[in-house]
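Analysis of the macromolecular model
Each chain, letter by letter, is given below.
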Amino acid sequence: MQLFRNKEHLNTRITDWIEGARNGDPRSQKSIYDALSGKMFAVCLRYMGNRDDALDVLQDGFVALFSKIGTYSGDGSFEGWCRRIFVNTALMSLRKKDVLRQSQEVETAFNVSNGAPTAIQDLSCSEIMKYVSELPPGFRTVFNMYAVEGYSHKEIAQALDITESTSRSQFLRARAILQTKIEEKY
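Residues numbered from 1 in each chain as written. Predicted model: local features only at pLDDT ≥ 70, side-chain atom pairs only at ≥ 80, totals over all residues. Heavy atoms only, no water.

1. Digging into the pattern of salt bridges
Side chains carrying opposite charge are able to pair once their charged atoms draw close together. Counting across every chain of the model gives eight salt bridges. Residues Arg22 and Glu19 are paired through a salt bridge, measuring 3.7 Å at the closest nitrogen-oxygen approach. On the criterion of helical spacing, the pair formed by Arg22 and Glu19 is a turn pair, its members being three residues apart in helix α1 (residues 7–22). Assessed through its relative accessible area of 40%, Glu19 is described here as partly exposed. If you follow the salt bridges from partner to partner, you end up with Arg46, Arg83 and Glu149 in one network. (Salt bridge = Lys/Arg side-chain N within 4 Å of Asp/Glu carboxyl O. Helix = DSSP H or I, 4+ residues; strand = E, 2+ residues; numbered from the N terminus. Buried < 20%, exposed > 50% of the residue type's maximum accessible area, 1.4 Å probe, protein only.)

Next comes the structure, spelled out in structure tokens:
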């Protein structure tokens, strides 16, 4: 994306791109793609865990974005609105793969530690995200939705068609796995 003189100029350009994309203008669509593809790829990669699946979701996400762009009301951040589309696209892909089929209720979760993490302070964001990407898909999905995206367990349960206790269990187990991996390394 080109450099902009100021935030107001950037907002004007984005507004122009949105309007152009609503009218089917390929240049506007490309400008939106160029501006958002890196960030949205990171979102897709966090959920999918590997580059190939993330690229598939990225493509599907942009198809969904451009087909739904007419519904963007202008309220709130355009990037936030787009992020929601990519998260939903990733969740739809994960649902098709039935990644939570082996999930357990919180009462049956094992080795869940409530201790405060210590080694995590020495890790970079990229190291943490590497460990997150290595989680099993169900754990990774719930962890991303809760810890990264800020969804509540109720919202996660509704989005993934699971119980709230399963969402809590998946999150706690993901956190325990991450803590174990970090402790093993440090």
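2. Some thoughts on the packing of helix α2 (residues 26–48) against helix α3 (residues 51–68)
Direction vectors running N to C along α2 and α3 enclose 135 degrees, while the axes themselves pass 8 Å from each other. Judged on the interaxial angle alone, α3 and α2 are oblique. For the pair α2 and α3, the crossing hand works out as right-handed. Here Gln29, Ile32, Tyr33, Leu36, Ser37, Met40, Phe41, Cys44, Leu45 and Met48 of α2 lie close against α3, whose contacting residues are Arg51, Asp53, Ala54, Leu55, Val57, Leu58, Phe62, Leu65 and Phe66. Broken down by class, the residue content of the contact of α2 with α3 amounts to 15 nonpolar, two polar and two charged. (Axes fitted to C-alpha atoms, helices over the stretch in contact; angles between N-to-C directions. Parallel < 35°, antiparallel > 145°, perpendicular 65-115°, else oblique. Left-handed = near helix turned anticlockwise from the far one by under 90°. Contact = heavy atoms within 4.5 Å. Nonpolar A, V, L, I, M, F, W, Y, C, P; charged D, E, K, R; others polar.)

3. Here's the deal with the side chain of Thr166
With respect to the helices, strands and loops of the structure, Thr166 is situated in helix α8 (residues 164–185). On the basis of relative accessible area, Thr166 is assigned to the buried category, the value being 4%. In terms of polar contacts, Thr166 uses its side chain to reach the side chain of Thr163, at 2.8 Å. (Polar contact = N/O pair within 3.5 Å; in protein donor to acceptor, adjacent residues only side chain to side chain.)

4. Remarks on the packing of aromatic side chains
Inspection of every chain in the model, using the stated rule, returns eight aromatic pairs. Arranged with centres 4.6 Å apart and planes meeting at 55 degrees, the rings of Tyr146 and Phe171 form a pair that is tilted. Of the two residues, Tyr146 sits in helix α6 (residues 137–148) while Phe171 sits in helix α8, which places them 25 residues apart along the sequence. Residue Tyr146 is classed as partly exposed on the basis of its relative accessible area of 34%. The buried category is assigned to Phe171, whose relative accessible area is 11%. These aromatic residues form a ring-pair network of at least three members: Tyr33, Phe62, Phe66 and Phe86. (Phe/Tyr/Trp six-rings, centres within 6.5 Å; stacked < 30°, edge-to-face > 60°.)

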